[in-house]
Amino acid sequence: MELSIVFLCCTLYILLIQVTDTPGLCDTHRSEEEVLLEVGKSVAVACPGPHVVIIVIRGDRRFTKEEYDAVKTLQALFGERVRRHLMIVFTGGDGLADDISGMQAAVDQQLLKAPENLKEVLCDAYNRYCIVSNTGTFETRRQHAKVVLSKIQDVVRRNNREYFTNEMVDEYNRKVQSIIARRQRDHGLSDNQAVTETRQAIVDEKEDPGFFDTLKNIAKTYILPVLIKVAEVGLAVAVGAVVKRCSVM
């Protein structure tokens, strides 16, 4: 079970939460150091914070307990107020209908009979969702991209273009901003150039090794206690505890 976090580089800061059946955040086959570093890198490249957090779920198969737990772990990590920035994209629309309107109608009907845990996830995202196809022509994919972008713009507009942050994200941001400032000072780069190069260096792990040690240490402070609490007392208690720990700014 995976809860991976991927930054999409565009004019908005978007955090993409991919829920799949491959090793990741909720998998015990990866070492603690690997998990904490990957989460730290993902948050760091999204600094100063994501405008939108997209949860991607297969729409053409049963929603599993593992997927539900992964989404709830996300909320435990980032806090209750991340809900303001959530939206859901269902994939596999081509297995439900042939065109976009048919896919949307099919998933709307399907969600009326959805299990309670999926309805809860939809409620967490204020019922902001759409469905896309995994296949199709370039024009079909372009139409689906427009649907997703429209939903993204709606989330951003409703939040007055404010990005998500909390105590943890702010801590990552301070470290990233210091690297950006150093790159500008040492190489005479513009702000945009320094930001782009810094993000790429983080993704490629070509930044100073001490920086990645810092990312892991921040993750140990904020993320590890949450994961431990999830394992010990369950998701409901952990989600409640992290709301008190990470105040949204």
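Each remark here, short or long, concerns the structure printed above.
Residues numbered from 1 in each chain as written. Predicted model: local features only at pLDDT ≥ 70, side-chain atom pairs only at ≥ 80, totals over all residues. Heavy atoms only, no water.

**Here we look at the pairing of strand E3 (residues 52–58)**
Taking burial as the measure, the seven residues of E3 include six buried ones, the bulk of the element. In the sheet, E3 pairs with strand E4 (residues 86–91) via six bridges, with the strands oriented parallel. When the sheet's bridge partners are listed, Ile54 is paired in E4 with Met87. Assessed by its sense of winding, the connection that carries the chain from E3 through helix H2 (residues 65–78) to E4 is right-handed. (Buried < 20%, exposed > 50% of the residue type's maximum accessible area, 1.4 Å probe, protein only. Helix = DSSP H or I, 4+ residues; strand = E, 2+ residues; numbered from the N terminus. Pairing = 2+ DSSP bridges. Right-handed = clockwise from strand over helix to strand, strands pointing away.)

**As for the environment of Met168**
Considering the arrangement of structural elements, one finds Met168 in helix H6 (residues 167–187). On a C-alpha basis, the gap between Met168 and Ile218 in space is 7.5 Å, while along the polypeptide they are 50 residues apart. Met168 has contacts with Leu77, Phe78, Ile218, Tyr222 and Ile223, leaving out every residue within four places of it along the chain. (Contact = heavy atoms within 4.5 Å.)

**Details of the pattern of salt bridges**
Pairs may arise between side chains of opposite charge once their charged atoms sit close together. One pass over the full model with this rule turns up 21 salt bridges. Residues Glu38 and Lys41 are paired through a salt bridge, measuring 3.4 Å at the closest nitrogen-oxygen approach. Here Lys41 and Glu38 lie together in helix H1 (residues 32–45), a separation of three residues that amounts to about one turn. Glu38 sits in the partly exposed class, given a relative accessible area of 29%. Between Arg157 and Asp154 there is a salt bridge whose closest N-O contact spans 2.9 Å. Here Arg157 and its partner Asp154 are both found in helix H5 (residues 138–158), three residues apart, which amounts to about one turn of the helix. Of the residues examined, Arg157 reaches a relative accessible area of 53% and is grouped as exposed. (Salt bridge = Lys/Arg side-chain N within 4 Å of Asp/Glu carboxyl O.)

**Examining helix H8 (residues 209–222)**
The terminal C-alpha atoms of H8, which comprises 14 residues, lie 21 Å apart, in line with the 20 Å expected from a rise of 1.5 Å per residue. Those residues of H8 not exposed but buried are Phe211, Phe212, Leu215, Lys216, Ile218, Ala219 and Tyr222. The buried side chains of H8 occupy one side of the element, clustering within an arc of 160° when seen end-on. (Expected span 1.5 Å × (residues − 1). Arc of directions from axis to C-beta.)

**Quick look at the pairing of E4**
E4 sits mainly inside the fold: six of its six residues count as buried. Neither face of E4 is open: one carries Leu86, Ile88 and Phe90, the other Met87, Val89 and Thr91, and all of them are buried. Bridge count for E4 against strand E5 (residues 129–131) is three bridges, and the pairing is parallel. Bridge pairing in E5 places Ile88 opposite Tyr129.

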